[in-house]
Amino acid sequence: MSETTTRAEKAARIRHLFQTEGEAVFENTNHINNGRYEANARTDDIEELRSTARRIKEDAIERLPELIEEIRESVEANGGTVYLADDAADANRYITEVVEDNDAESVVKSKSMTSEEIDVNEALEANDVGVYETDLGEFVLQVADEAPSHLVGPAFHKSTEEIAELFNAHFDPETPFETATDLTQFARDYVGEQIRDADVGMTGANFVFAESGTIALVTNEGNARKCAVTPETHVAVAGIEKLIPSVREFPPFAELIAKAAGGQDIATYLSLLSPPVDSPVIDFENPDEPLSGGGPEDREFHLVLIDNGRTAMREDDELRETLYCIRCGACANSCANFQHVGGHAFGGETYTGGIATGWEAGVHGQESAAEFNDLCTGCSRCVNACPVKIDIPWINTAVRDRINRGADPERFDSLVEGLTPDEEPGGLDVQKRLFGNYGTLARLGSATAPVSNWLADLGPSRALMERAFGVDRRRELPAFERTTLRDWFADREPLPSADDGDRSAVIYPDAYTNYVLVNRGKAAVRTLEALGVDVAVAPCYESGRAPLSQGMIETARTNATRVADSLEPSIEAGRDVVVIEPSDLAAFRREYDRLLPADRAENLAEHSYEIMEYVYGLLENGADAAVLEGGADVAYHSHCQQRTLGVDVYTEEVLSKLDYDVVTSDVECCGMAGSFGYKSEYYELSMEVGDTLREQFEGETDRTLVASGASCHEQLGSLFPRESVHPIELVAPR
């Protein structure tokens, strides 16, 4: 099958999902995501909680073998049994034996992604055991015979109307269901009967306390506790990563998981059980008889701890962080792509959302992760959403790199490989190689402009680019400038005010600023010189952002080394590094510590500033704001990486100081995300995501469109019939 056919099929599948499931997923994920923002805003110490939780998980995973032995002792002391299952088959064999030993005909389950991971329902049903889901979302999916689309909200892809139609067809009620109340009342009664009649109850566990053998169940429905305590036999299934030392480490997680998963200050039901519990077993046949007896001796408890690749993940420097995950789904809710297509596109065999790449690669294998890994654009909005500060974009990048290197090395791609030298092996997808070498492409495009622009826009050229490289012909290509920023800077005289102040700076000319959006670079030079800064412009080397986005880590490392080599002399000479493109600043501050020696990465990060952050600092320290342009109405979209770094506020502050009236967007991402919006398989999704931004600004027809990122600029150009500018172009002296 050709790459063109594969890309067309992928585009068709994504189109189908955002047309059929997108609306419900968007509504549900945004509802929870906005709730998380509000809940976090009400918490003064949210960052301290996140840091504390991170430290606890780091310690727990480091001490995992010790905690496994401790939980075995504590559960057995309580009267229960611990079974450490090597893999899914081992776990299912043990659970099936427990069910058979109890002559059980039915099992009721609470929501558990780990039980989804091992396919325990299928294993039990193959042995003629009835399995009944009691979580409302899981119950809906069991009726629909579908897979979960979200870690926390498994039926997020279904609307109330769709569920009503499903239940009416399946259960044929005398009075058809219409409302959410109808559906939940029916589901409550139905699963309640299953719980009363069940022989075995099965739950997951959000956390397991090694010291006491206690499991924590965090839910909003309450059926998990009923599954645990109603039948005489309780089986809890949990990955080994759910272990934490004791209940003393639990408080930050109790708070964080409610905020991240449900946008709540605290979950509706928070149950701590040290099974086998000592409450009496209810005799539903004699409901009027007083309860009597009870105690652990009347009950049976099995804690099944699942390894299934987790020990190997613990030893893997790139996947280890995945084990810190508390399965809150915040990475999915904050992801613009996920918000529009959901987990049936952005997910593998079991897990969904940003963190799914780590889980799928670890427990199911790299092939499962490869199916959806490219839907992570590295926008980094999940970084601030994750309650335990997992660097999810880096996990996706590292797995993407492994997938690239696992490609067929004999596959023919010598044409591209010869033209674009990089550090990647043969067999790499030519589309990734093209976009990963954007710095080289831009340099060549600029050197041959305007011929390169004319040639690229020809119909046959666009058809060839689409067929060979998957560059969608519907997306307008950026036009290269013949005169680069460095050329322009070398041929001019500085403004008279250039050395009036006490600061000197070197502008890092990213590939877009140097070869395409040159005006924003010129504006940056004029602005800084007007504010008294002695300005230099560094050599243009691509930062590594482009190859990183394609999972080409070794090429990114080479690029990062070139950039550091070019900027360090200026830093040593006392110059500040000023960066115009937010994604490159994010590379300096976040990714370079994985690409460069620690001291070099730290030095560059410490001395680098986003352009508007730098202007803000100059104005705060006495520079004359009157030399800048001000006082207009603008609609401003900040770059996603800018927001993750927390530097978007400086743009808004500078615009406010200069009397601009600013309307800002609150979408997580514009949908362009570097090369993502150019790719034929993702173009329509990119435009679908961008449509949310278009809706926010469509009424602002009299305002100047302003965007900080080059990708955002390109996307705004596709969404609106008028041009956008960078904030520095807005304020620069004319």
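How each quantity is defined
- Residues numbered from 1 in each chain as written.
- Predicted model: local features only at pLDDT ≥ 70, side-chain atom pairs only at ≥ 80, totals over all residues.
- Heavy atoms only, no water.
- Pairing = 2+ DSSP bridges.
- Helix = DSSP H or I, 4+ residues; strand = E, 2+ residues; numbered from the N terminus.
- Axes fitted to C-alpha atoms, helices over the stretch in contact; angles between N-to-C directions.
- Buried < 20%, exposed > 50% of the residue type's maximum accessible area, 1.4 Å probe, protein only.
- Phe/Tyr/Trp six-rings, centres within 6.5 Å; stacked < 30°, edge-to-face > 60°.
- Lys NZ or Arg CZ within 6 Å of the ring centre and 35° of its normal.
- Domains from an automatic or database assignment.
- Salt bridge = Lys/Arg side-chain N within 4 Å of Asp/Glu carboxyl O.
- Polar contact = N/O pair within 3.5 Å; in protein donor to acceptor, adjacent residues only side chain to side chain.
- Contact = heavy atoms within 4.5 Å.
- Expected span 1.5 Å × (residues − 1).
- Parallel < 35°, antiparallel > 145°, perpendicular 65-115°, else oblique.
- Left-handed = near helix turned anticlockwise from the far one by under 90°.
- Core = buried A, V, L, I, M, F, W, Y, C linked by side-chain atoms within 4.5 Å.

## Quick notes on the sheet that holds strand 3 (residues 130-133)
Consider a sheet: its strands pair through backbone hydrogen bonds, and that pairing is either parallel or antiparallel. Across the sheet, 6 strands lie side by side as 1-10-7-4-2-3; this open sheet has parallel pairing. Strands at the two margins of the open sheet, each flanked by one partner only, are strand 1 (81-85) and strand 3. Sheet twist, expressed as the mean angle between neighbouring strand axes with direction ignored, is 20°. In the sheet, strand 4 (residues 200-203) pairs with strand 7 (residues 233-239) via 4 bridges, with the strands oriented parallel. Paired with Val-200 across the bridge in strand 7 is Thr-233.

## Examining unusual backbone geometry
Excluding glycine, a negative phi dihedral is what most residues carry, and trans is how most peptide bonds are arranged. Residue Pro-276 is bonded to the preceding Pro-275 through a cis peptide linkage, with omega at 5°. The residue Pro-276 is located in the loop between strand 9 (269-273) and strand 10 (300-306) in this model. Residue Pro-450 is bonded to the preceding Ala-449 through a cis peptide linkage, with omega at 5°. Within the secondary structure layout, Pro-450 lies in the loop between helix 22 (438-447) and helix 23 (451-457). Phi angles above zero are rare outside glycine, and Asp-103 is one such case at about 50°. Along the chain, Asp-103 falls in the loop between helix 5 (88-101) and strand 2 (106-109). For Asp-103, a relative accessible area of 65% corresponds to the exposed category. The phi dihedral of Asp-659 is positive, around 65°, even though this residue is not glycine. With respect to the element layout, Asp-659 can be found in the loop between helix 34 (648-657) and strand 16 (661-664).

## Points about the packing of aromatic side chains
With the rule as written, the count across this model stands at 24 aromatic pairs. With a centroid separation of 5.2 Å and 25° between ring planes, the pair formed by Phe-139 and Tyr-190 is classed as stacked. Taken as a pair, Phe-139 in helix 8 (residues 136-144) and Tyr-190 in helix 10 (residues 180-197) lie far apart in primary sequence, 51 residues in all. Classification of Phe-139 by relative accessible area gives buried; the value is 2%. Taken together through their ring pairs, the aromatic side chains of Phe-139, Phe-167, Phe-171, Phe-177, Phe-186 and Tyr-190 make up a single cluster. In this structure, Arg-36 packs its charged tip against the face of Tyr-37, placed 4.6 Å from the ring centre.

## Here we look at the domain arrangement of the protein
Parsing the protein into structural domains produces domain 1 (60-282 + 299-311) and domain 2 (485-731). Each of domain 1 and domain 2 has a C-alpha centre, and these two points are 47 Å apart.

## Describing the pattern of salt bridges
Tallying each qualifying case throughout the model produces 52 salt bridges. Taking the shortest distance from any N to any O, the salt bridge between Arg-42 and Asp-265 comes out at 3.2 Å. Within this pair, whereas Arg-42 is found in the loop between helix 2 (22-41) and helix 3 (46-62), its partner Asp-265 is found in the loop between helix 12 (251-262) and strand 9, the two being separated by 223 residues in sequence. Via salt bridges that share partners, Arg-54, Glu-58, Glu-321, Asp-391, Arg-545, Arg-590, Glu-591 and Arg-594 belong to a single interconnected network.

## As for the side chain of Arg-310
Among the secondary structure elements, Arg-310 is positioned in helix 13 (residues 310-314). Assessed through its relative accessible area of 0%, Arg-310 is described here as buried. Polar side-chain contacts of Arg-310 include one of 2.8 Å to the side chain of Glu-117. When neighbours within four sequence positions are excluded, Arg-310 is seen to be in contact with Thr-114, Glu-117, Gly-239, Ile-240, Glu-241, Leu-323, Arg-327, Tyr-351, Trp-359 and Val-363.

## Describing the pairing of strand 10
In terms of residue burial, strand 10 counts as a mostly covered element, since 6 of its 7 residues are buried. Across 5 bridges, strand 1 lies against strand 10 in parallel orientation. For Ala-85, the partnering residue across the bridge sits in strand 10 and is Ile-306. Inspection of the sheet shows strand 7 paired to strand 10 by 7 bridges, in the parallel sense. Bridge pairing links His-234 to Phe-301 in strand 10.

## Remarks on helix 3
End to end, helix 3 covers 24 Å across 17 residues, agreeing with the expected 24 Å (1.5 Å per residue, within 8%). Of the surrounding elements, those touching the buried residues of helix 3 are helix 2, helix 4 (64-78), strand 8 (243-244), helix 12, helix 13 and helix 18 (381-385).

## Some remarks on the packing of helix 32 (residues 611-620) against helix 34
Contact geometry of helix 32 with helix 34 gives a least axis separation of 8 Å together with a crossing angle of 50°. For the element pair helix 32 / helix 34, the angle class is oblique. The two elements helix 32 and helix 34 cross, and the hand of that crossing is left-handed. On helix 34, the residues that touch Met-612, Glu-613, Val-615, Tyr-616, Leu-619 and Glu-620 of helix 32 are Tyr-650, Thr-651, Glu-653, Val-654 and Lys-657.

## Considering the sheet that holds strand 11 (residues 504-508)
In space, the 4 strands of this open sheet follow the order 12-11-13-14, with parallel pairing throughout. The open sheet has two free edges, formed respectively by strand 12 (534-537) and strand 14 (608-610), since each of these has just one partner strand. The average angle at which neighbouring strand axes cross in this sheet is 35°, direction not considered. Inspection of the sheet shows strand 13 (residues 576-579) paired to strand 14 by 3 bridges, in the parallel sense. Bridge pairing links Val-578 to Tyr-609 in strand 14. In the packing of helix 29 (residues 553-572) onto the sheet, contacts are made with strand 11 and strand 13, and the angle to strand 11 comes to roughly 170°.

## A word on the nonpolar core
Counting 66 residues, the largest nonpolar core has Phe-207, Phe-253, Ile-355, Leu-375 and Ile-390 as its most contacted members. Looking at this core, the element that brings in the most residues is helix 12, giving 7 residues. A domain-level breakdown of this core finds at least three residues from each of domain 1 (60-282 + 299-311) and domain 2 (485-731). Judged by nonpolar contacts, the second largest core, of 35 residues, contains Val-525, Val-533, Leu-618 and Tyr-636.

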